[in-house]
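# A closer look at the structure
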Amino acid sequence: MQIISQLLAIVFVVSTMLSVGMLLSVRDISTSLHDRGWLARALLANFVVLPALAFSIARLLELDPMMTAGLLILATAPGGPVLVKLVALARGEPALAVGLLVTVLVLSVFTQPLVLPWLLDGVQISAQAIVLTLIFTVLLPLIIGLAMRARLPYWATMLHKSVQRISTLCMLLICILLPALHWQELLDISGSSAFPAAILFLLLACLAGWLLGGPQAGPRRTLSINCTQPNLAAALVIASQNFADPKVSMMLLVVMLASLPILVPLCLFYARQERAASASLT
């Protein structure tokens, strides 16, 4: 079951990045990021604020070292592929979501292997394993999808929905399988600071995205959603390949469970705001 969950995480990341590449052209993505000031603030939120929040919360709540490792893996892996699905649920701008997602994912391939060993003082991890994981599960599928969109637009359009269904199915199976597989471990750590740390991190990350998102409602909502859902699937793959202690993966699972009652209502609230704004214009 553990192997199956790891395989599901890999298939989810690969299929999602492939479908993201098939969704829009390189020009669509670059055009969506024309606001350089917003992009700079988005990068600040993802690569500076989120790791700083995770590090500070772990110290403040005296989080277990291995659970701290899990939280920091997530905080240094921005841009969860599910961002596109969440922004669609919130009736946001898909091009902006994809543009931001592509930017932070490409940058994280280079930043995470450098930042994570520095934050996890005394913990041995393989930077090479992180780089290879991100290249083959994130960057390469994205490039293949973009190439198909540019060179084979008919096949990209035909295959996009099928690949997206595979991605959605894997995401649902991960959300069901992992808690079912580790329910006893979750009960064992329910009295620790793991859940308070996860909830506090997610709420502050959402607030940071909102504050740094600028005056326009659409980009502000997109950044707040982005900051509230780091790349869980990639983090699971990295954790499984670099850490033998199950507490690392448990912390990732805790954050996933804590994010659901925050992100889903948040996206539905944003969607209701968008509908109300559209109705007022008409």
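Numbering of residues starts from 1 in each chain and follows the order in which that chain's sequence is written. Reporting of local features is limited, given that this is a predicted model, to residues whose pLDDT is at least 70; pairs of side-chain atoms are given and counted only at 80 or more, and all residues count toward the totals for whole chains, interfaces and linings. Side-chain descriptors were evaluated using all non-hydrogen atoms of the structure, hydrogens and water having been removed beforehand.

### Structural notes on the packing of helix H3 (residues 36-60) against helix H4 (residues 65-75)
Rule in force here: To define axes, lines are fitted to C-alpha atoms, for helices over the stretch in contact only, and angles between the resulting N-to-C directions are given on a 0 to 180 degree scale. Labels follow the DSSP assignment, with helices taken as runs of H or I lasting at least four residues and strands as runs of E lasting at least two, numbered in each case from the N terminus. Oblique is the label for any angle not covered by the other classes, which are roughly parallel (under 35 degrees), roughly antiparallel (over 145) and roughly perpendicular (65 to 115). Helix crossings fall into two classes, left-handed where the near helix is turned counterclockwise from the far one by less than a right angle and right-handed where it is turned clockwise. By definition, residues are in contact when any of their heavy atoms lie within 4.5 Å. We call Asp, Glu, Lys and Arg charged. Ala, Val, Leu, Ile, Met, Phe, Trp, Tyr, Cys and Pro are nonpolar, and the rest, Gly among them, are polar.
At a minimum axis distance of 9 Å, the contact between H3 and H4 shows a crossing angle of 165°. One finds that H3 runs roughly antiparallel with respect to H4. Between H3 and H4 lies a crossing whose hand is right-handed. For the pair H3 and H4, the contacting residues are Asn46, Leu50, Pro51, Ala54, Phe55 and Ala58 in the first and Thr68, Leu71, Leu72 and Ala75 in the second. In terms of residue class, the contact of H3 with H4 is made up of 8 nonpolar, 2 polar and no charged.

### Here's the deal with the nonpolar core
Stated formally: What is meant by a nonpolar core is a set of buried Ala, Val, Leu, Ile, Met, Phe, Trp, Tyr and Cys residues, joined one to another through side-chain atoms within 4.5 Å. Accessible area is worked out with a 1.4 Å probe on protein chains only. A residue is then buried under 20% of its type maximum, exposed over 50%, and partly exposed in between.
Within the largest apolar cluster, 88 residues are counted, with the highest numbers of intra-cluster contacts made by Ile73, Phe201, Ile225 and Met251. Among the elements that take part in this core, helix H13 (residues 246-281) stands out by supplying 14 residues, more than any other. Setting aside its immediate chain neighbours within four residues, Ile225 contacts Leu83, Leu86, Val87, Ala90, Leu263, Leu266, Cys267 and Tyr270. Within the second largest apolar cluster, 5 residues are counted, among which are Leu18, Met22, Met148 and Ala156.

### Some points on the environment of Leu43
Examined against the element boundaries, Leu43 turns out to sit in helix H3. For Leu43, a relative accessible area of 24% corresponds to the partly exposed category. For the pair formed by Leu43 and Ala279, sequence separation is 236 residues and the distance between their alpha carbons is 33 Å. Among all residues touching Leu43, those that are not within four sequence positions of it are Val48, Thr103, Val104 and Leu107.

### Structural notes on the pattern of salt bridges
Put simply, the rule is: Whenever Lys or Arg places a side-chain nitrogen within 4 Å of a carboxyl oxygen from Asp or Glu, that contact is recorded as a salt bridge.
Under the definition given, this model contains 2 salt bridges. Across the pair Lys247 and Asp64 runs a salt bridge, and its minimum N-O distance is 3.2 Å. On the criterion of sequence distance, the pair formed by Lys247 in helix H13 and Asp64 in the loop between H3 and H4 is long-range, its members being 183 residues apart. Of the residues examined, Lys247 reaches a relative accessible area of 35% and is grouped as partly exposed.

### Overview of a nonpolar patch on the surface
Inclusion rule: Residues form patches when they are more than 30% accessible in relative terms and have no salt bridge. Like charges link within 9 Å. Nonpolar side chains (Val, Leu, Ile, Met, Phe, Trp, Tyr) link within 5 Å. Using the Shrake-Rupley algorithm and a 1.4 Å probe, accessible areas are obtained, with residue cover drawn only from the displayed protein chains.
A cluster of nonpolar side chains, Leu152, Tyr154, Trp155, Met158 and Leu159, forms an exposed patch at the surface whose accessible area comes to about 550 Å². Relative to the assigned elements, Leu159 resides in helix H8 (residues 153-181). On the basis of relative accessibility, which here comes to 35%, the residue Leu159 falls in the partly exposed class.

### Brief notes about the confidence of the model for the chain
Quick note on the threshold: pLDDT measures how confident the predictor is about each residue, on a scale from 0 to 100.
With 95% of its residues at a pLDDT of 70 or more, the chain shows a mean pLDDT of 83. At the low end of the mean pLDDT range in the chain sits helix H2 (residues 26-32), at 70; at the high end sits helix H10 (residues 194-212), at 94.

### Examining unusual backbone geometry
Unusually for a residue other than glycine, Glu62 sits at a positive phi of about 50°. Along the chain, Glu62 falls in the loop between H3 and H4. Owing to a relative accessible area of 70%, Glu62 belongs among the exposed residues under this scheme.

### Regarding the environment of Arg41
We count it as follows: The term polar contact refers here to a pair of N or O atoms within 3.5 Å; inside protein, the definition further demands a hydrogen-donor-capable atom paired with an acceptor-capable atom, and it admits residues adjacent in sequence only when both atoms are side-chain atoms.
Mapped onto the elements of the fold, Arg41 is located in helix H3. Between the alpha carbons of Arg41 and Val26 there is a distance of 22 Å; along the sequence they are 15 residues apart. Residues contacting Arg41, with those up to four places away along its chain left out, are Leu212, Gly213 and Gly214. Reaching out from Arg41, the side chain makes a polar contact with the backbone oxygen of Leu212 at a distance of 2.8 Å.

### Focus on the packing of aromatic side chains
Each aromatic ring pair is characterised by the separation of its centres together with the angle its planes make. Inclusion rule: Stacked, edge-to-face and tilted labels apply to pairs of Phe, Tyr and Trp rings (six-membered ring for Trp) whose centres lie within 6.5 Å, assigned for plane angles under 30 degrees, over 60, and everything in between, in that order.
Considering all chains together, one arrives at 3 aromatic pairs under this definition. Here Trp210 and Tyr270 contribute two aromatic rings whose centre-to-centre distance is 6.2 Å and whose plane-to-plane angle is 15°, an arrangement assigned as stacked. Linking Trp210 in helix H10 with Tyr270 in helix H13, this pair joins segments that are 60 residues apart in sequence. Grouping aromatic residues by their ring pairs yields a cluster made of Trp210, Phe269 and Tyr270.

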